[in-house]
Amino acid sequence: MSQASLVEKAGANRAVLLWAGLALALFFTVLLALGMGRYPIPWHRVLAILLGNLAPLEANWSQVEEQVVEALRLPRILVALTCGAALAAAGVALQGTFRNPLVGPQIIGVSSGAGFGGALALLLSESQLVLMFSAFAFGLIAMAIVLWLSRVGGRSPVLMLVLAGVVTSAMFAALTSLIQYVADPEDKLPAIVFWLMGSFSTAGYDELAWVAPPVAVTCGLLFLLRWRINVLSLGDEEAESLGVSVNMTRLVIVFCVAAIAAAVVAVAGVVGWVGLVVPHLARMVVGPDHRILLPVAMVVGGGYLVIIDTIARTATTAEIPLGVLTALIGAPVFAYLLKSTQARGWNRD
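Residues numbered from 1 in each chain as written. Predicted model: local features only at pLDDT ≥ 70, side-chain atom pairs only at ≥ 80, totals over all residues. Heavy atoms only, no water.

Chemist: Can you walk me through the side chain of E207 in this structure?
Modeler: Among the structural elements, E207 can be located in helix α8 (residues 205–224). Despite its burial, E207 remains without a salt bridge, the nearest opposite charge being carried by R76 at 11 Å. Polar contacts involving the side chain of E207 include one to the main-chain amide nitrogen of G204, which spans 2.8 Å. Not counting residues up to four positions away in its chain, the partners in contact with E207 are V79, Q128, M132, T202 and V267. (Helix = DSSP H or I, 4+ residues; strand = E, 2+ residues; numbered from the N terminus. Buried < 20%, exposed > 50% of the residue type's maximum accessible area, 1.4 Å probe, protein only. Lys, Arg positive; Asp, Glu negative; His and termini not counted. Salt bridge = Lys/Arg side-chain N within 4 Å of Asp/Glu carboxyl O. Polar contact = N/O pair within 3.5 Å; in protein donor to acceptor, adjacent residues only side chain to side chain. Contact = heavy atoms within 4.5 Å.)

Structure representation (structure tokens):
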């Protein structure tokens, strides 16, 4: 067997081991999360409850345990898994597209826009459907404003996109503060503040049905474009010389990221830092090739947010907002990345 064949076989074996390890880690993370909470359930009993839906098994669990696992914890964990994978994919796509390892989904202002939409819905209505629709709609409006502000001579340069995102974020953050100022301090304000800090406490199968379709479509599109992200990470001139439409590809990726951020904020509030931290964790394992990095980051991001959410609902008697935990982890990581990359470029990341 030639040396090239041996290298190819070794690479294939490493890929199999990588995906097997990630799948097992994610499976046991979800399994343990389903059993943890104020009403603890042993993992083997959780597994039996889940398998009982696929094959007839002797029911050695109580009806209460089945309700806790399938009606309360499973939809919440599935929503967290979906949102974590989506935010990680968005972060990978943005970092590759902008050739900057220090950006995340918040950079294009969509999270602030969606946050304002949700806060406005909480102020004017008590309907969960109105909240989700308003957050999603204002997230897309924020994206449209960013794209409009960034257009220069028919193009959207990276610097202009970033600056437009900063301006749009500031504007919607101010509007959100205004809503908090006029909200009833005994009724509306606590709900708005808690929602803005991020939580899966109200997540159910309805929220899963809302967030899954846009996430599936946009993440699927990013997956198809992952080789183009590789090319964009080389620089605009190199990408154009290889036949890639830089401006159009970048706009499509930004639109996908905007839709992802809006969908996540619509069901969970503002969950920050995931799109910044997880891509770096995945890059440490598989390297910068987006053909592998993107799907690996999605798996890691899903498991990461499931772990964070499990800590949030089990660490104390009162549930800790997700935004607090993700910031406590993400801010030190961001500071480390900022310090370690300020003197070196993207290609050494």
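Chemist: Sorry if this is basic, but what is going on with the packing of aromatic side chains here?
Modeler: The description of two aromatic rings rests on the distance between their centres and on the angle between their planes. If you walk through the whole model with that rule in mind, you get 4 aromatic pairs. Between the aromatic rings of F116 and F172, the centroid separation amounts to 5.7 Å while the plane-to-plane angle is 45°, which identifies the pairing as tilted. Here the residue F116 occupies a position in helix α4 (residues 110–124), and F172 occupies one in helix α6 (residues 158–182), the gap between them amounting to 56 residues. The two residues F116 and F172 agree in class, both being buried. Between F136 and W210, the ring centres sit 6.3 Å apart and the planes meet at 85°, which makes this aromatic pair edge-to-face. Taken together, the residues F136 in helix α5 (residues 128–150) and W210 in helix α8 connect sequence positions 74 residues apart. A relative accessible area of 24% places W210 in the partly exposed class. Cluster of aromatic residues (ring-pair linked, three or more members): F116, F138 and F172. Above the ring of F223, the side-chain terminus of R226 is found at 3.8 Å from the ring centroid. (Phe/Tyr/Trp six-rings, centres within 6.5 Å; stacked < 30°, edge-to-face > 60°. Lys NZ or Arg CZ within 6 Å of the ring centre and 35° of its normal.)

Scope: geometric values only; no functional claims are made or implied.
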